[in-house]
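# Secondary and tertiary structure notes
As a plain string of letters, each chain reads:
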Amino acid sequence: MQEPDREIESIEEFDHVVARGTLAGFRVQSVDLTGRTAALLSTDTSEAVFLGCPMETEAAAKVRAGGALVFPPVPDLPFDPYRGTLYSSAELFTGLTEHGYARTPDALAYAWFQRTKTDGDIFASMLRSIHDDAVSDALDEFLVGTRVVGVMGGHALERGSEGFAGAARLGRALARAGVTVATGGGPGAMEAANLGAYTAPHEDAVLDEALELVGKTPSFRPSIGAWAEAAFAVRERWPDGGASVGIPTWFYGHEPPNAFASHIAKYFANATREDGLLARSTAGVVFLPGAAGTVQEIFDNATPNYYESRGEPTQMVLVDRDHWTRRLPTWPLLEALAEGRSMKARIALVDSVDEAPEALLSMLG
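Residues numbered from 1 in each chain as written. Predicted model: local features only at pLDDT ≥ 70, side-chain atom pairs only at ≥ 80, totals over all residues. Heavy atoms only, no water.

The next point concerns a nonpolar patch on the surface. On the surface, a nonpolar cluster with roughly 320 Å² of combined accessible area is contributed by Ile 122, Phe 123 and Met 126. Locating Phe 123 in the fold gives a position in helix 7 (residues 122-143). (Patch = residues over 30% accessible without salt bridge, like charges linked within 9 Å, V, L, I, M, F, W, Y side chains within 5 Å. Areas by Shrake-Rupley, 256 points an atom, 1.4 Å probe, with all protein chains shown as cover. Salt bridge = Lys/Arg side-chain N within 4 Å of Asp/Glu carboxyl O. Helix = DSSP H or I, 4+ residues; strand = E, 2+ residues; numbered from the N terminus.)

Here we take up the layout of surface pockets. Considered as a void within the structure, the largest pocket measures approximately 480 Å³ in volume. Lining the largest pocket are 25 residues, with Gly 153, His 155, Tyr 252, Gly 293 and Glu 297 positioned closest to its centre. Those elements that provide at least two residues to the lining of the largest pocket are strand 5 (148-152), helix 12 (270-279) and helix 13 (292-307). Size it by volume and the second largest pocket reaches roughly 230 Å³. Around the second largest pocket, the lining comprises 17 residues; the ones closest to its centre are Leu 157, Gly 163, Leu 288, Pro 289 and Val 353. The class makeup of the residues in the lining of the second largest pocket is eight nonpolar, five polar and four charged. (1 Å grid on protein atoms, 1.4 Å probe; cavity = no way out; pocket = protein on both sides within 12 Å on 5 of 7 lines; lining within 4 Å. Points joined across faces, edges and corners; volume = space filled by probe spheres on them. Nonpolar A, V, L, I, M, F, W, Y, C, P; charged D, E, K, R; others polar.)

Let us now look at the environment of Gly 186. Positionally, Gly 186 belongs in the loop between strand 6 (180-183) and helix 9 (189-199). The exposure class assigned to Gly 186 is buried, which follows from its relative accessible area of 5%. Residues Gly 186 and Pro 248 lie 62 residues apart in sequence; the distance between their C-alpha atoms is 5.9 Å. Setting aside chain neighbours within four positions, we find Gly 186 in contact with Glu 191, Pro 256, Pro 257 and Asn 258. (Buried < 20%, exposed > 50% of the residue type's maximum accessible area, 1.4 Å probe, protein only. Contact = heavy atoms within 4.5 Å.)

Attention shifts here to the sheet that holds strand 1 (residues 7-8). Pairing is parallel in the open sheet, where four strands are placed in the order 1-2-3-4. Only two strands of the sheet have a single neighbouring strand rather than two, namely strand 1 and strand 4 (69-71). (Pairing = 2+ DSSP bridges.)

What follows concerns helix 6 (residues 105-116). For helix 6, with twelve residues, the first-to-last C-alpha span of 16 Å sits near the 16 Å given by 1.5 Å per residue. Taken together, the buried positions of helix 6 are occupied by Asp 106, Ala 107, Ala 109, Trp 112, Phe 113 and Thr 116. On its buried face, helix 6 is in contact with helix 4 (89-92) and helix 7. (Expected span 1.5 Å × (residues − 1).)

Here it is in structure tokens:
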């Protein structure tokens, strides 16, 4: 087993550390320790922190007396604020077929957020903050050593459209080039890019067939359940898909997460989510045609590139010349900002989505 860092996020890691003789200084996240009472009673836990770990009363008393901090599980929450790992689509959509979307963990977490986001309760806001920080920590751990390309695009793009198919081909091309595709994790262009990355290990015909299958349910409206089940049918028919990341938010909880991202970092705070997605796109961002939200993302990304506040500027590729020069003339302003700065060599405008992978990868070198 790989040597753990100071965080323990599974029972296997816990047993490995205990076998070495001490838990002193470790942080144990959301691990069920009810079956490890003997180990807790006999192991040094000084300066350890236990976050949401169920344990027997005797064990909890002992580790506290031994100098540990114990944050017990919070009852009746539809999410785990101390989680040590990212979400999967299967976890967020648990119970979908049996009980419908409204009873899934994803929908229940959104309902809790709706009830608590404006009530001024410091406890609820603290739980949201702890959760989002834990998700960020898990996301950073997952992305260590990877090159990440963000794909930004609107949620309104429907399955069955040429735009959706193009975004899927983009995701597939990027994944096959060896980068990790990251999206906002929702429907539309985001789902398409994650779908493309999912089909990347398979032959080209699989994406065409998958697009045809999901195209029979074009939108998550009026039924999120039917929309999600169409995606899970694709996953069941072609298991062992490629990895990609989705970073959605319960702030826009009426837009469900898509099922094709293998790892999902879902946040309560949308600002944390948006900035985090762009900051982690270390190998650049492709911006598909969009409206106000995509324009905002372009300049959210351009600002640190302009000031080099995150180091060397990252690559930016805008797709659809007519859209970004005439309909929403963002490109001329981006060019003007880049003039005389190192980011100038890191921006590109292409006519079609199929040109985007080459444009971005050529700037990566």
